[in-house]
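Summary of the model geometry
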Amino acid sequence: MRFRSILAYAAASAAILAMPTMVMAHTKVVASTPAQGATVSKPKQVTLTFSEALLPPTFATSVVMTAMPGVKNHGEMVIRNFTTSWADGNKTLTLNLRQPLRAGSYDVRWQAAGADGHRMKGTVSFTVS
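Note that the coordinates shown come from a computational prediction; the quantities given were computed from them, not determined experimentally. Throughout this description, residue numbers start from 1 for each chain and increase along the sequence as written. In view of the model being predicted, local features appear only for residues whose pLDDT reaches at least 70, and side-chain atom pairs are presented and counted only at 80 or more, with totals across whole chains, interfaces and linings using the full set of residues. Remark: hydrogens and water are excluded; side-chain values derive from all non-hydrogen atoms of the structure.

Okay, the confidence of the model for the protein chain next. Low pLDDT marks stretches whose predicted atomic positions should not be read closely. On a scale of 0 to 100, pLDDT captures the predictor's confidence in every residue. Across the protein chain, the average pLDDT comes to 77, with 69% of residues at or above 70. Averaged pLDDT values for the elements of the protein chain fall to 46 in helix α1 (residues 2–23) and rise to 97 in strand β2 (residues 39–40). Per-residue pLDDT stays below 50 along residues 5–13; that stretch engages in zero contacts with residues further than four places along the chain or on separate chains. Segment residues 15–24 is flagged for pLDDT under 50; beyond a separation of four residues in sequence, or across chains, it makes zero contacts in the model. Under the scheme used here, helices are H or I runs from DSSP no shorter than 4 residues and strands are E runs no shorter than 2 residues, and both carry numbers assigned from the N terminus. Here a residue-residue contact requires only that any non-hydrogen atoms of the pair lie within 4.5 Å.

Moving on to the pairing of strand β7 (residues 92–97). Exposure is judged per residue with a 1.4 Å probe applied to protein chains only, and the accessible area is read against the type maximum: over 50% gives exposed, under 20% gives buried, and values in between give partly exposed. Here β7 lies mainly inside the structure; five of its six residues are buried. Pairing between two strands requires that DSSP report at least two bridges joining them. In terms of strand pairing, strand β3 (residues 45–50) meets β7 through five bridges, oriented antiparallel. The residue bridging Thr49 from the neighbouring strand is Thr92, located in β7. Linking strand β6 (residues 82–87) back to β7 in an antiparallel pair, the connection comprises four residues, with Asp88 at a positive phi of about 55°.

Here Ala60 shows up in strand β4 (residues 60–67). Take Ala60: its relative accessible area is 38%, and that puts it in the partly exposed class. Note: C-alpha distance between Ala60 and Ala112 (52 residues apart in sequence) is 6.4 Å. When neighbours within four sequence positions are excluded, Ala60 is seen to be in contact with Arg109, Trp110 and Gln111.

Moving on: the sheet that holds β6. Taken together, the four strands give an open sheet; going across it, the order is β1-β3-β7-β6, and neighbouring strands pair in antiparallel fashion. Each of the sheet's edge strands pairs with one partner strand only, and the pair in question is β1 (29–33) and β6. For this sheet the average axis-to-axis angle between neighbouring strands, irrespective of direction, equals 15°. Inspection of the sheet shows β1 paired to β3 by four bridges, in the antiparallel sense. Along β3, the bridge assignment pairs Thr33 with Thr47. Axes, fitted as lines to C-alpha atoms, cover a helix only where it is in contact. Angles between the N-to-C directions of the axes lie from 0 to 180 degrees.

Encoded structure:
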């Protein structure tokens, strides 16, 4: 009887300790091309790989040029000339650009819900030389 009590206590403790890990296991980018912080030359594709499959109807993304060389007042310009495609069971998103990105700093801003239904958002930033 005492063994069962110890076993039940151990199982309950393990479940309680695992809960924060399960709750914190929200969607995030685990890889990107270009990589976070990279400097690249005129990419025609941007790829984001997520930690879990996404629910595509909940996904929103934008490519924003955040610094434009040669422009006096640096502002933001949203790039809209791309199509998207999914792979790897909705874990990898590819933005197929109609034209290579010109020199400048870029943020790829995304927002999505994973299987747990929680909406997450993030940014991948890179520079084009």
